[in-house]
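The lines below spell out each chain.
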Amino acid sequence: MNGHSHVNGNGVHLTNGNGHQNGHTNGHVRNDTLHVNSPGVTYGSEFIDSTFNYRKNKIERTVDGLRVTPEVYEYKLRTGRQTRKTGLMLVGIGGNNGSTTVGAMIANREKMSWRNREGTHHANYFGSFTQSSTVHIGYDGQEQVHVPFNEMLPMLRPHELIVDGWDINDANLYEAMLRSKVFEPELIDQLRPHMESIIPKPSIYYPDFIASNQGTRANNVLPGESKSEHLERIRKDIREFKEKHGLECVIVLWTANTERFTDVEDGLNMTADQMLASIKRNADEVSPSNIFAVASILEGAHYINGSPQNTLCPGIVELAGKNGVFIGGDDFKSGQTKLKSALVDFLVSSGLKPESIVSYNHLGNNDGKNLSEARQFRSKEITKSNVVDDMVASNKILYPDNKKPDHTVVIKYVPFVGDSKRAMDEYVCSIFMGGRQTFVIHNTCEDSLLATPLIYDLAILTELATRIQYSVNGRGYEQFNEVLSILSLLLKAPMVPAGTPVSNAFMRQFAAVSKLIAACAGIASDADLQLEFFTSLNKAKC
């Protein structure tokens with residue numbers, strides 16, 4: 001092996017054989033593989049500056065119908081060219097997702113390969129849209145040109161993240177890999193010397209918030225019952241991690257057990273002051289994930305909720321705004337729901353009317369075990385059930401009264417299948433002249449192998465967002481809203497800034513984030529229209 005995984009204070013720091021972090025040093029500016037030749041784009045030593053004319057429609061409802069007025073706003077977009085030295089702290093690092101996240105980073109850095117009965121496999125980042133997807137930018141006269149998403153702007157690579165985290169179980173990450181049964185045995189053996197010395201930090205355990213069947217797993221928990229003391233301990237962990245590794249950016253991401261929903265009410269968590277006061281008085285309805293979110297924000301770390309519970313209550317959102325950090329959530333969109341967000345959009349856009357959607361799952365990992373209790377399942381049911389709402393609302397021809405399709409979600413715990421989740425869906429649509437069309441889909445989802453790439457993407461996009469500033473119509477430069485809605489593509493129940501609509505349609509979400517990145521790079525983002533193929537554009541240019 002040419003590299004090592006240094007563990008300092010339980011953090012894994014991926015380095016190459018010369019002791020430098022692989023692909024990144026503090027102050028690194030990546031070589032540009034894509035250069036935009038435009039008077040609206042300037043490449044400086046620190047920033048890429050672009051001018052983007054944002055065209056939107058002002059829509060007014062009148063007695064005569066809709067009145068549409070096209071509007072143009074000039075955005076100045078400024079992107080820092082220097083990627084920031086970034087740490088990722090995982091809540092639940094010893095779970096299936098956490099151990100897979102760390103193991104896959106090492107396997108990719110070391111270019112590991114392994115055999116199973118199907119042949120030889122090589123480490124990759126398939127399933128990560130920042131690492132494995134491309135964006136269409138136009139036609140060069142001979143072929144359509146697609147560029148890797150991560151080459152449009154300077155972006156981190158997953159193995160450049162420095163990783164640490166907490167878990168309520170004290171198993172080291174080698175033991176966690178064995179327990180999760182996600183990787184093949186030969187790969188686990190190769191990863192053992194890198195993973196065995198990584199031990200999670202003690203985490204917060206409030207039994208009322210997760211399933212009672214998790215009690216036997218909880219042997220690595222912070223002592224006492226003072227939520228204020230737990231908050232200070234988590235803050236200290238984040239602070240020490242940042243100082244030890246000289247980090248410029250820290251992201252805390254929840255990939256631990258799904259919690260039950262917490263109450264959201266005035267006097268408890270509707271404002272930042274209420275949230276802090278509730279922690280101080282040890283309020284029963286303050287959850288572990290609330291503590292982690294507040295600790296992160298107070299330490300200037302960005303917080304992402306990868307589970308379905310309602311961690312990011314109004315008080316925490318307000319606290320993030322006051323402290324100038326990003327928050328994002330909720331719940332990884334990785335398998336059945338990702339497919340649903342693409343398929344229902346396709347059906348409705350095709351003029352077909354989904355009438356009934358029945359989604360059944362069974363899985364055998366610890367996530368499934370935790371979801372086998374009703375209150376935790378309810379959190380998941382809410383995020384999985386709301387995913388079609390905006391697609392239904394988009395078509396008043398099919399849904400004139402906005403009546404949603406019958407939509408049922410079932411999750412069962414079957415230990416034998418482990419991390420290999422079975423998802424079965426039936427979609428029944430009304431079609432032409434009273435007909436019916438039925439789709440029945442069986443989807444075997446390797447749960448953690450689908451979720452882990454999203455963890456990388458969430459961290460990479462969040463770090464990128466810290467380097468982007470914008471100015472509208474000559475105003476001063478600002479950062480994005482604290483609710484980082486560009487993460488919506490990766491989440492089942494995306495949070496958006498107050499008063500803005502939620503979009504769940506997959507390709508609409510992908511277009512939104514890819515066009516934003518194209519605008520920052522100065523690339524024309526309406527290339528898919530390709531008017532030159534059926535008009536005399538080229539003659540007009542001459």
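Quantities reported herein were computed from a predicted structural model and do not represent experimental measurements.

(A) Representation of the environment of Val 221 in the model. Topologically, Val 221 is positioned in the loop between β12 (201-202) and α5 (227-245). Exposure remark for Val 221: the relative accessible area of 32% places this residue in the partly exposed category. Remark: the alpha-carbon pair of Val 221 and Ser 203, spanning 18 residues in sequence, is separated by 4.8 Å. If we ignore the near neighbours within four places in the chain, the residues touching Val 221 are Ile 168, Pro 202, Ser 203 and Tyr 205.

(B) Inspection of helix α3 (residues 173-180) at higher detail. Looking at α3, one finds that the buried residues are Leu 173, Tyr 174, Ala 176, Met 177 and Ser 180. The buried residues of α3 occupy one face: seen down the axis, they fall within an arc of 160 degrees. Considering only its buried residues, α3 is in contact with α1 (96-109) and α4 (185-195). The distance from a side-chain oxygen at the start of α3 to the backbone nitrogen of Tyr 174 is 2.9 Å, and the residue carrying that oxygen is Asn 172. Positive phi shows up at Lys 181, right after α3, with a value of about 60 degrees.

(C) Just the sheet that holds strand β3 (residues 41-43), in detail. Strand order across the open sheet formed by four strands is β3-β4-β5-β20, with antiparallel pairing between neighbours. The open sheet has two edge strands with one neighbour each: β3 and β20 (468-472). Ignoring which end each strand starts from, the neighbouring axes of this sheet average 30 degrees apart. Pairing analysis gives three bridges linking β3 to strand β4 (residues 47-62), with the strands arranged antiparallel. Paired with Tyr 43 across the strands is Ile 48, a residue of β4. In the packing of helix α14 (residues 506-521) onto the sheet, the strands contacted are β3, β4, β5 (65-80) and β20, and the crossing angle to β4 comes to about 130 degrees.

(D) Representation of a negative patch on the surface within the structure. On the surface, Glu 118, Glu 184, Glu 186 and Asp 189 cluster together into a negatively charged patch. Since its relative accessible area comes to 31%, Glu 184 is described here as partly exposed.

(E) Layout of the confidence of the model for the protein. Residue-level pLDDT values for the protein average 90, and 90% of them are 70 or greater. Here residues 1-10 is a poorly scored stretch, pLDDT under 50, and it has 41 contacts once near neighbours within four places are set aside; other chains count. Confidence over residues 15-29 falls short of pLDDT 50; this stretch has 39 contacts with residues more than four positions distant or in other chains.

(F) Representation of the nonpolar core. Core analysis: the largest hydrophobic core is formed by 73 residues, its most contacted members being Phe 149, Leu 191 and Met 195. Among the secondary structure elements, those contributing two or more residues to this core are β6 (86-91), α1, α3, α4, β13 (249-254), α13 (447-466), β20 and α14. The dominant element in this core, judged by the number of residues it contributes, is α13, at 10 residues. Once residues lying within four places of it in the same chain are set aside, the contact partners of Met 195 are Ser 99, Val 102, Gly 103, Ile 106, Asn 172, Leu 173, Tyr 174 and Met 177. One finds Ile 162, Val 250, Trp 254 and Phe 292 within the second-largest nonpolar core, a separate group that totals 40 residues.

(G) Examining the packing of aromatic side chains more closely. For the coordinates displayed, the defined rule picks out 10 aromatic pairs. Consider the rings of Trp 254 and Phe 292, whose centres lie 6.0 Å apart with planes at 70 degrees: the pair is edge-to-face. With Trp 254 in strand β13 and Phe 292 in helix α7 (residues 288-298), the pair connects residues that are 38 residues apart, well separated along the chain. With relative accessibility at 4%, the residue Trp 254 sits in the buried group. Pairwise contacts between aromatic rings join Phe 52, Tyr 54, Tyr 75, Tyr 470 and Phe 480 into one cluster. Across the ring face of Phe 47, the terminal group of Arg 78 is positioned such that the distance to the ring centre comes to 5.0 Å. One residue, Arg 260, lies across the ring of Phe 209, its end atom 4.2 Å from the ring centre.

(H) A look at α1. Compared with the 20 Å implied by 1.5 Å per residue over 14 residues, the 20 Å span of α1 between its first and last C-alpha is a close match. Of all 14 residues in α1, 14 are buried, a share of seventy percent or more. Looking one or two residues past α1, Lys 111 carries a phi angle of roughly 55 degrees, positive in sign.

Definitions and cut-offs
- As a convention, each chain's residues are numbered from 1 in the sequence order in which they are written.
- Reporting in this predicted model follows two pLDDT cut-offs: at least 70 for local features of residues, and 80 or more for side-chain atom pairs to be given and counted; totals over whole chains, interfaces and linings ignore these cut-offs and use all residues.
- As a rule here, side-chain values cover all heavy atoms of the structure and leave hydrogens and water aside.
- Each helix is a run of H or I in the DSSP string that is no shorter than four residues. Each strand is a run of E no shorter than two, and both are numbered from the N terminus.
- A simple rule labels every residue: compare its accessible area, found with a 1.4 Å probe on the protein chains alone, to the largest value its type can have, and call it buried under 20%, exposed over 50%, or partly exposed in between.
- Contacts are assigned to residue pairs with any non-hydrogen atoms lying within 4.5 Å of each other.
- Along the arc lie the directions from the helix axis toward the C-beta atoms.
- Between N or O atoms, a polar contact is any pair within 3.5 Å; within protein, one atom must be a potential hydrogen donor and the other a potential acceptor, and residues adjacent in sequence are included only when both atoms are from side chains.
- Between any two strands, at least two bridges found by DSSP are needed for them to pair.
- Structural elements are reduced to axes, namely lines fitted to C-alpha atoms, with helices fitted over the stretch in contact, and the angle between N-to-C directions of any two is expressed from 0 to 180 degrees.
- Patches here: salt-bridge-free residues with over 30% relative accessible area, like charges joined within 9 Å, nonpolar side chains (Val, Leu, Ile, Met, Phe, Trp, Tyr) joined within 5 Å.
- In this description, accessible areas are obtained by the Shrake-Rupley approach with a 1.4 Å probe, and a residue is regarded as covered only by the protein chains that are shown.
- Salt bridges are identified by distance alone: a Lys or Arg side-chain nitrogen within 4 Å of an Asp or Glu carboxyl oxygen.
- For the charge count, each Lys or Arg is scored as positive and each Asp or Glu as negative, with His and the chain ends excluded.
- A charge is said to be at NZ when it belongs to Lys, at CZ for Arg, at CG for Asp and at CD for Glu.
- Note on scores: pLDDT gives the predictor's confidence for each residue, bounded by 0 and 100.
- As used in this record, nonpolar core signifies buried Ala, Val, Leu, Ile, Met, Phe, Trp, Tyr and Cys residues forming a set joined through side-chain atoms within 4.5 Å.
- What counts as a ring pair is set by centres within 6.5 Å for rings of Phe, Tyr and Trp (its six-membered ring), and what kind of pair is set by the plane angle: stacked under 30 degrees, edge-to-face over 60, tilted for all other angles.
- Should the NZ of a Lys or the CZ of an Arg lie within 6 Å of a ring centre and within 35 degrees of the ring normal, that charge is described as sitting over the ring.
- One less than the residue count of a helix, multiplied by 1.5 Å, gives the span that helix is expected to have.

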